[in-house]
Amino acid sequence: MTPTEHAAAHVHGHDHDHGHDHDHGHAHEAPRFWRTLEERAETPEARQAADDEFLPGAMDPSDPPPAGVSRRNFFQLAAAGAALAATTACEPKGKGTIVPYTKKPVEVVPGVANYYASAFQEGRRVYPVLVKTREGRPIHLAGNDEHPAAKGKTSPRAIADLLRLYDPDRLREPRAKGRPLSGPDAAAKLREGVQAAAGKGVLLLTGALASPSRRAVVQELKKAFPNLEHLAWEPAAGDAQVVAALASYGQPAEVRPKLDEAQVVLSLGSDFLNGDDPEATRAFAARRRLMEPGGEMNRLWVLEGPMTLTGGNADERVPVRPSRLAAVGFALAKDLSAKHGVALPAGTDLSGVQGGVPAGVGISAALWDRLLHDLKAAGKHAAVLGGPQMPAEAQQAAHLLNAMLGSAAVEVRPSEPLATAKEVEAALASGRFGAILVWGANPAFALPRPEAWKEAAGKAAFVAWIGVLEDETAAAAHLCLPESHWLESWNDFEDGGTLCLQQPAIGSLYGTLQGEEILLQLAKGGPADYLAFLKERWGREVHAGGLVPFGRFFESALHDGFIAAPRPTAAPAFKGASVAAAVAAAKAAPADGLELVLLPGTQVHDGRYANNGWLQECPDPVNKLTWTNALALSASDAGKLGLRDGDLAKVEAGGRSLELPVIVQPGQTAGVASMALGYGRETGTTAKGHGVNAFTLADAEPARAHLRAGVKVSAAGGHVTLPRTQGHHRMEGRDLVRSWVLGDFAHEAEHKHVHDLSTLYPEVQYPEHKWGMVIDLSACVGCSGCVMACQSENNIPVVGPEQVAKGREMHWIRVDRYYEDDAANPENVHAVHQPMLCQHCDNAPCENVCPVNATNHSPDGLNQMAYNRCVGTRYCANNCPYKVRRFNFLEYTADKVEPESLVYNPEVTVRPRGVMEKCTFCVQRIQDGKVRAKTEGRDVRDGEIAPACAVACPAEAIVFGDMNDKHSQVYKLAQASRGYKVLEELGARPAVTYLADLRNPAAEPAKGQGHGGHHAG
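Quantities reported herein were computed from a predicted structural model and do not represent experimental measurements.

Thoughts on the overall build of the protein chain
Step number 1: The helix and strand tally for the protein chain stands at 31 helices and 38 strands.
Step number 2: Across the 1017 residues of the protein chain, 63% fall into the buried class.
Step number 3: Partitioning the intrachain contacts of the protein chain with sequence separation of at least 6 by distance along the chain shows that 75% fall at a separation of at least 24.
Step number 4: For the protein chain, the exposed surface amounts to about 36800 Å²; the carbon and sulfur share of it is 52%.

So, in structure tokens, the structure goes:
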């Protein structure tokens, strides 16, 4: 029996003989918490992994590179940014324009960091950020802590996009069919090409235009070329979301969660905790941090097909096929109206809907009634969120429920129109365009029918492409124009009640232009200055004769990064007449067969970040996969097909097929497969050759573009090793992660076991500072924002998929994900996420085994590493019970080419091969804070010093401070009744305190039913 078959049989209750403990000979009991299906079933492979210090091959000293890959290319792949052509380092332009000190900015002081407020755009969403620069070069990004919504938090992808600024793959000069051009020649060629085709028509295909000034540029272009047609397209946004908003509100609209006051949240396939929306994560987590029993806590219901990060954090998770979500939503609306007297919006017809649990949905009648009661009781403090990739009718059902409840926990705001993939394909196939301009879009990769782009590009007289990194679309362009990175650019963005300013934190590295400036020059027929254009528009439309001079007003906005710009706009009203068609569509949805859900890649999104090594190596928060995508199947479906992790499968849908490896995903709904978009790129040194392009399986029908019915999956033969990060570093049989039901909080806190251990270590006094950390597992959602911030701050190298597969990833902080079985549904799970980093133990086991004293203790309680003293014995890693120390098996940083080494933080040592490294609590930030306080003649303030992980955490689950300060937040939290130390029974005295996870299920089990005090291992 394979591990997957064993696990599937165990899940379904057919295998009562779980085997024996191979070391001790006693019968094995499935652990309450587990990380993989093999570990849950305690297969021989899992037993071996638990016994071995490293994965197979990790200790092989020869370590030859993979076949067909040269040693040089292999090391380049391992570098941050990955394998990059060495010839790009020889261009003089790349050497002479980076921070020219002959023209040093007056604000640059060597050794002192400067910060600039700016903004990062991804699709319709805008992230206000602070850019940290050293000697004039950006080295780290964080959220803008002054922004009223961002409050210092941002997306992990925003943090990682810093790497693209220094990517040697960047296009540095204009090219016409591969031939370099000067800037003026390229501008002339663009103007000639568009003017020659203007009589027939010009298509401008872009991403979302969240900038008012950018939209004004497009309007200028339309004035110059009246036959120009503009389409804004975001392939990962979900065409069904566009269709549902138009049907429900009669206009383009966007639904944003506002969860600060939400008592009940119902997700219909919405993964709103995946890191894309730090504001929603912060607001949701704020109502999960109970310090003492008796407080109120929100409740999260999740009904979904694929296992998502949001589903793992649910209080009540119900596996439901995506095609049945609309039926569930409309049945809830019917029962709320008929049984609870909640009024329906005018014109709403639910006569064709039968109340009660819909057929084929595994919700008990009691749980259904509790869900109805929760929604009714919460009223306007309830939020119903439909997943953008779910069918349009399911999202319309969510809109209907919010309208019925009068929800104040969601905001419906008008938005710019977005084209669907079908509309883009139709425009390309029409043949009415003589010239095509592509800016911020990649139709050759992201269209379901990429041949539609190739046909259109072949027929058009002129095709121009504007971008930072050449992509698949650029290959067919007559003219490729290099674009400045957003950190080199000016812009503005409108987001709710604020206008955000984007200002460059560095001059253009290669003399490139912003895309807006290229189009503005085209519209004006000559040189144009986009900054002057932006200022002129602001003076006319934003400032409009304010009380202070415009110059001072604009400088103030630049300093803060935003201005309050309340524009009272009535929220679009829900149109009840749209419900009847949605109900009919829900009834027509297929009720059987395998369904395939296509989700934006957590790391690479729609593929735009695929050339980013930081993101490629960041583990997927759910399946812990790196560098590739895979087909996620439930244990039962995989068992029927005879597939296990890493087996190759053939997926057929809509007349197309792909072959890719399988992941058997706990919690996945039976009959539902899922895979990530954005992989399978054909260009980019880092991006190329990793995963498959799932866009080719998308449906042509916009209302269900990312959900395919009637999918066929079969074994393709062959097996690959998946580069995953959670199958090793197993810490078995110990009390690692604690999760309590809210009703048991008081009991668990009262009976919490406290270890009173004798020790031979002398009591150490820390007279000045004793640094410590508290991590709240109830607030942590597992988004990996801390991982990305730590990588950027501490110069952590990328090692590549082959090394990850050997267990050699270098991340200093990892987010361990533990599953817990759902007693009511054997295939369902709850997840607990535990950030794990160096615990900075007072009695550190690593210190007394180091033969050269490379790891030692500081006077303020830090476990230090002297890299130039380390000789690589790895005794410290062997003796560390937390498995948080990383060893540089290979030279990951030596083969950098310009300008990628500029991403390094100069405050942190770049480690060579053969040394051990691990979390330092960002000691460079600690020292900076202490020096600032000393210079100003004062004590360090509480909260003044924060490591990168704590700053980045959108849930504010990580708190850092001085344990000697009895008034500090970290000290107070460490005394909380939920607090415990991992493996404190070993006597290591870690400096990190964890607060037990809290759950608020609708039907709480009685005490003693396995919800407190058990262990994970």
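Next, the rest of the story.
Side note on the sheet that holds strand E30 (residues 825-836)
Step number 1: Read from one edge to the other, the open sheet built from three strands follows the order E1-E29-E30, with strand pairing classed as antiparallel. The sheet is open, and its two edges are formed by strand E1 (33-34) and E30, each paired on a single side.

Description of the packing of aromatic side chains
Step number 1: In the structure shown here, the tally under the stated rule is 15 aromatic pairs.
Step number 2: For the pair Phe921 and Phe960, a centre-to-centre distance of 5.2 Å together with 75° between the ring planes defines the contact as edge-to-face. Note that Phe921 is positioned in the loop between strand E34 (916-917) and helix H29 (923-935) and Phe960 in strand E35 (residues 958-962), a separation of 39 residues in sequence. Across this residue pair, the class does not change: Phe921 and Phe960 are buried.

What about unusual backbone geometry?
Step number 1: Note that the residue after Glu898, namely Pro899, is joined by a cis bond; omega there is 0°.
Step number 2: The backbone of Ser784 shows a phi angle near 75°, a positive value even though the residue is not glycine.
Step number 3: Position of Ser784 among the secondary structure elements: in the loop between strand E28 (771-776) and helix H26 (785-793).
Step number 4: For Ser784, a relative accessible area of 5% gives the class buried.
Step number 5: The phi angle at Phe921 is positive, at roughly 60°, despite the residue not being glycine.

Digging into the pairing of strand E9 (residues 253-257)
Step number 1: For E9, the buried fraction is high: four of the five residues fall into the buried class.
Step number 2: Note that E9 and strand E14 (residues 410-414) share five bridges and pair antiparallel. When the sheet's bridge partners are listed, Val255 is paired in E14 with Val412.

Thoughts on the confidence of the model for the protein chain
Step number 1: This prediction gives the protein chain a mean pLDDT of 87; 88% of its residues lie at or above 70.
Step number 2: Confidence drops under pLDDT 50 across residues 1-30; counting only partners more than four residues distant or on other chains, this segment forms 44 contacts.

Digging into the pattern of salt bridges
Step number 1: This structure, assessed with the given rule, holds 53 salt bridges.
Step number 2: In this structure, Lys223 engages Glu220 in a salt bridge whose closest nitrogen and oxygen atoms are separated by 3.7 Å. Taken together, the residues Lys223 and Glu220, both in helix H9 (residues 212-224) and three residues apart, mark about one turn of the helix.
Step number 3: The exposed category is assigned to Lys223, whose relative accessible area is 62%.
Step number 4: The partly exposed category is assigned to Glu220, whose relative accessible area is 21%.

Describing the side chain of Asp816
Step number 1: Along the chain, the position of Asp816 falls in strand E29 (residues 814-822).
Step number 2: A polar atom in the side chain of Asp816 sits 2.8 Å from the side chain of Arg814.

Comments concerning the environment of Tyr249
Step number 1: Mapped onto the elements of the fold, Tyr249 is located in helix H10 (residues 239-249).
Step number 2: Residue class for Tyr249 comes out buried when judged on its relative accessible area of 6%.
Step number 3: In this structure the C-alpha to C-alpha distance between Tyr249 and Ala571, which are 322 residues apart in sequence, comes to 9.2 Å.
Step number 4: When neighbours within four sequence positions are excluded, Tyr249 is seen to be in contact with Val255, His399, Val412, Pro572, Ala573, Phe574 and Lys575.

Remarks on helix H22 (residues 579-588)
Step number 1: Along H22, the residues that are buried comprise Val579, Ala582, Val583 and Ala586. Looking straight down H22, one finds its buried side chains confined to an arc of 100°; they lie on one side. Opposite the packed face of H22, turned more than 90 degrees from it, sit the exposed residues Ala581 and Ala588.
Step number 2: In the core, the buried residues of H22 are packed alongside helix H13 (325-340) and helix H15 (392-405).

Points about the packing of H15 against H22
A packed helix pair is summarised by two numbers, namely the angle formed by the two axes and the spacing between the axes.
Step number 1: Interaxial distance between H15 and H22 falls to 9 Å at its minimum, and their mutual angle equals 135°. What the angle tells us is that H15 and H22 run oblique. The chirality of how H15 crosses H22 is left-handed. In this structure, H15 contributes Glu393, Gln396 and Leu400 to the contact, and H22 contributes Val579, Ala582, Ala585 and Ala586.
Step number 2: Class assignment of the residues belonging to the contact of H15 with H22 gives a composition of five nonpolar, one polar and one charged.

Details of the sheet that holds strand E36 (residues 979-980)
Step number 1: Spatial strand order, E35-E28-E37-E36: four strands in an open sheet with mixed pairing. If you trace the sheet from one side to the other, it starts and ends with E35 and E36, each paired once.
Step number 2: Pairing between E28 and E35: five bridges, direction antiparallel. Bridging across to E35, Val774 finds its partner in Val959.

Some remarks on the layout of surface pockets
Step number 1: Looking at the largest pocket, its volume works out to about 1500 Å³.
Step number 2: Around the largest pocket, the lining comprises 48 residues; the ones closest to its centre are Leu130, Asp145, Arg925, Glu944 and Val951.
Step number 3: Grouping the constituent residues of the lining of the largest pocket by class yields 21 nonpolar, 10 polar and 17 charged.

Overview of H26
Step number 1: Judged by how many residues are buried, H26 sits mostly within the fold: nine of nine residues are covered.
Step number 2: Every buried residue of H26 is listed here: Gly785, Cys786, Val787, Met788, Ala789, Cys790, Gln791, Ser792 and Glu793.
Step number 3: Of the residues one or two after H26, Asn795 is the one with positive phi, at around 55°.

What counts, and where the lines are drawn
Residues numbered from 1 in each chain as written. Predicted model: local features only at pLDDT ≥ 70, side-chain atom pairs only at ≥ 80, totals over all residues. Heavy atoms only, no water. Helix = DSSP H or I, 4+ residues; strand = E, 2+ residues; numbered from the N terminus. Buried < 20%, exposed > 50% of the residue type's maximum accessible area, 1.4 Å probe, protein only. Contact = heavy atoms within 4.5 Å. Areas by Shrake-Rupley, 256 points an atom, 1.4 Å probe, with all protein chains shown as cover. Pairing = 2+ DSSP bridges. Phe/Tyr/Trp six-rings, centres within 6.5 Å; stacked < 30°, edge-to-face > 60°. pLDDT = per-residue confidence, 0-100. Salt bridge = Lys/Arg side-chain N within 4 Å of Asp/Glu carboxyl O. Polar contact = N/O pair within 3.5 Å; in protein donor to acceptor, adjacent residues only side chain to side chain. Arc of directions from axis to C-beta. Axes fitted to C-alpha atoms, helices over the stretch in contact; angles between N-to-C directions. Parallel < 35°, antiparallel > 145°, perpendicular 65-115°, else oblique. Left-handed = near helix turned anticlockwise from the far one by under 90°. Nonpolar A, V, L, I, M, F, W, Y, C, P; charged D, E, K, R; others polar. 1 Å grid on protein atoms, 1.4 Å probe; cavity = no way out; pocket = protein on both sides within 12 Å on 5 of 7 lines; lining within 4 Å. Points joined across faces, edges and corners; volume = space filled by probe spheres on them.

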